[in-house]
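Close look at the chain arrangement
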Amino acid sequence: MTDQRTLLLTGASRGIGHATVKYFSAAGWRVFTASRQDLGEGCPWAEGLANHIHLDLGNVEEVQNRLAEIREKLGGRLDALVNNAGMSPKGTEGERLGVLESDYATWLNVFNVNIFSTALLARGLFEELKTARGSVINVTSIAGSRVHPFAGVAYACSKAALSALTREMAHDFGPHGVRVNAIAPGEIDTSILSAGTELIVERSIPMKRMGKPEEVAALVHFLCTNGASYINGAEIHVNGGQHV
């Protein structure tokens, strides 16, 4: 189908990313994924395994070297780039890594995955986004605006930087018809939740429950449709009121 819209999403193997590609596929989009992890054999969307790009976002040289290959796969247009991949390293007992526990290698690896690769992908795929008058969605976090009991300092700072990058990209890409927005999830019910999250839910979330990955996916999809055609440079909280 020549008018079929195309999505490229990073970090699709689980959680929010997995739910998002399922949502877009069900809506009739052509779905491409990119991550360091392989997709499982039970991938539920059409051509999922064939359209998966094995890419280590922590290696910025590899990201840059693979751009030509990615552009060829996309075939000239990209309606939505969803930068969902992210890493949040923990200590040996699963504890958050603060300033005193985070060495340079930790900082560099987190920023390569969470911020630098995002900027490089958007820059490298700009012509495809411009052709489609597409959208970029950056997945930030509630940890980017407040200290979180489980998210480490490098992760938090990278997500704050991603919020700033969203504004900068919205300013730079907007004149070309490409909208750039961010979503900031809070406690979403996925396999990567830390022990003790239930206490955050009880004490800090007015809705008294965790979010569902499908609720985040629905918002991402909305931001890529005509209903959101005048939304640019926004960061939308998806946390049941946890930020208030």
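Preceding this section is the structure that the text describes.
Residues numbered from 1 in each chain as written. Predicted model: local features only at pLDDT ≥ 70, side-chain atom pairs only at ≥ 80, totals over all residues. Heavy atoms only, no water.

Some remarks on the overall build of the protein chain
Test applied: Under the scheme used here, helices are H or I runs from DSSP no shorter than 4 residues and strands are E runs no shorter than 2 residues, and both carry numbers assigned from the N terminus. To sort residues, take the accessible area from a 1.4 Å probe on protein chains only and compare it with the maximum for the residue type: under 20% means buried, over 50% means exposed, and anything in between is partly exposed. Two residues qualify as a contact provided that any one of their heavy atoms is within 4.5 Å of a heavy atom in the partner residue. With residues, only the protein chains shown are counted as cover, and all accessible areas are computed by Shrake-Rupley using a 1.4 Å probe.
Secondary structure assignment for the protein chain yields eight helices and seven strands. Each of the 244 residues in the protein chain was classed as buried or not, and the buried ones make up 51%. Here the contacts in the protein chain between residues at least 6 apart in sequence split such that 71% fall between residues at least 24 apart. Taken as a whole, the protein chain presents about 11,800 Å² of accessible surface, with 52% of it coming from carbon and sulfur.

Focus: the pairing of strand β6 (residues 179-185)
For clarity, the cut-off: Here, any two strands with at least 2 DSSP bridges between them count as paired.
The element β6 is extensively covered by neighbouring structure, given that seven of its seven residues are classed as buried. Going residue by residue along β6, you find R179, N181, I183 and P185 tucked away on one face and V180, A182 and A184 tucked away on the opposite face as well. Where β6 meets strand β7 (residues 235-238), four bridges bridge the pair, whose relative direction is parallel. Across the sheet, the residue bridging to I183 is I236, located in β7.

What about the pattern of salt bridges?
Test applied: Throughout this description, the term salt bridge denotes a Lys or Arg side-chain nitrogen within 4 Å of a carboxyl oxygen of Asp or Glu.
For the structure on display, the rule yields four salt bridges. R66 is the salt-bridge partner of E69, the closest N and O atoms lying 2.7 Å from each other. Across the salt bridge formed by R71 and E128, the nearest N and O atoms sit 2.8 Å from each other. A residue pair is termed long-range when its members are at least 10 positions apart, and R71 in helix α3 (residues 67-74) and E128 in helix α5 (residues 126-132) qualify at 57 residues. For R71, a relative accessible area of 34% puts it in the partly exposed group. Residue class for E128 comes out buried when judged on its relative accessible area of 5%. One salt-bridge network, in which partners are shared between bridges, spans E62, R66 and E69.

A look at the packing of aromatic side chains
Just so we agree on the cut-off: Geometry of aromatic contacts follows a simple scheme: Phe, Tyr and Trp rings, the Trp one being its six-membered ring, pair when their centres are within 6.5 Å, and the pair is stacked under 30 degrees between planes, edge-to-face over 60, tilted otherwise.
What the rule picks out here adds up to four aromatic pairs. Measuring from centroid to centroid gives 4.8 Å for F24 and W29, while their planes differ by 80°, and the two rings are edge-to-face. Geometrically, the ring pair formed by W107 and F111 is tilted, given 6.1 Å between the ring centres and 40° between the ring planes. Pair noted here: W107 and F111 are both in helix α4 (residues 104-124), with a separation of four residues, about one helical turn. The partly exposed category is assigned to W107, whose relative accessible area is 25%. You can call F111 buried: its relative accessible area is 17%. Cluster of aromatic residues (ring-pair linked, three or more members): W107, F111 and F116.

Comments concerning the pairing of strand β1 (residues 6-10)
Under the convention used in this document: Note on handedness: a clockwise path from strand one over the helix to strand two, with the strands aimed away from the viewer, defines a right-handed crossover.
The element β1 is extensively covered by neighbouring structure, given that five of its five residues are classed as buried. In β1, alternate side chains face the same way, and those of T6, L8 and T10 on one face and L7 and L9 on the other are all buried. Pairing analysis gives five bridges linking β1 to strand β2 (residues 30-35), with the strands arranged parallel. Residue pairing for β2: T10 is matched across the bridge by A34. Each parallel crossover has a hand, and the one from β1 via helix α1 (residues 15-26) to β2 is right-handed. Relative to strand β4 (residues 80-83), β1 is paired through four bridges, and the arrangement is parallel. Opposite L7, over in β4, you have A80 as the bridge partner.

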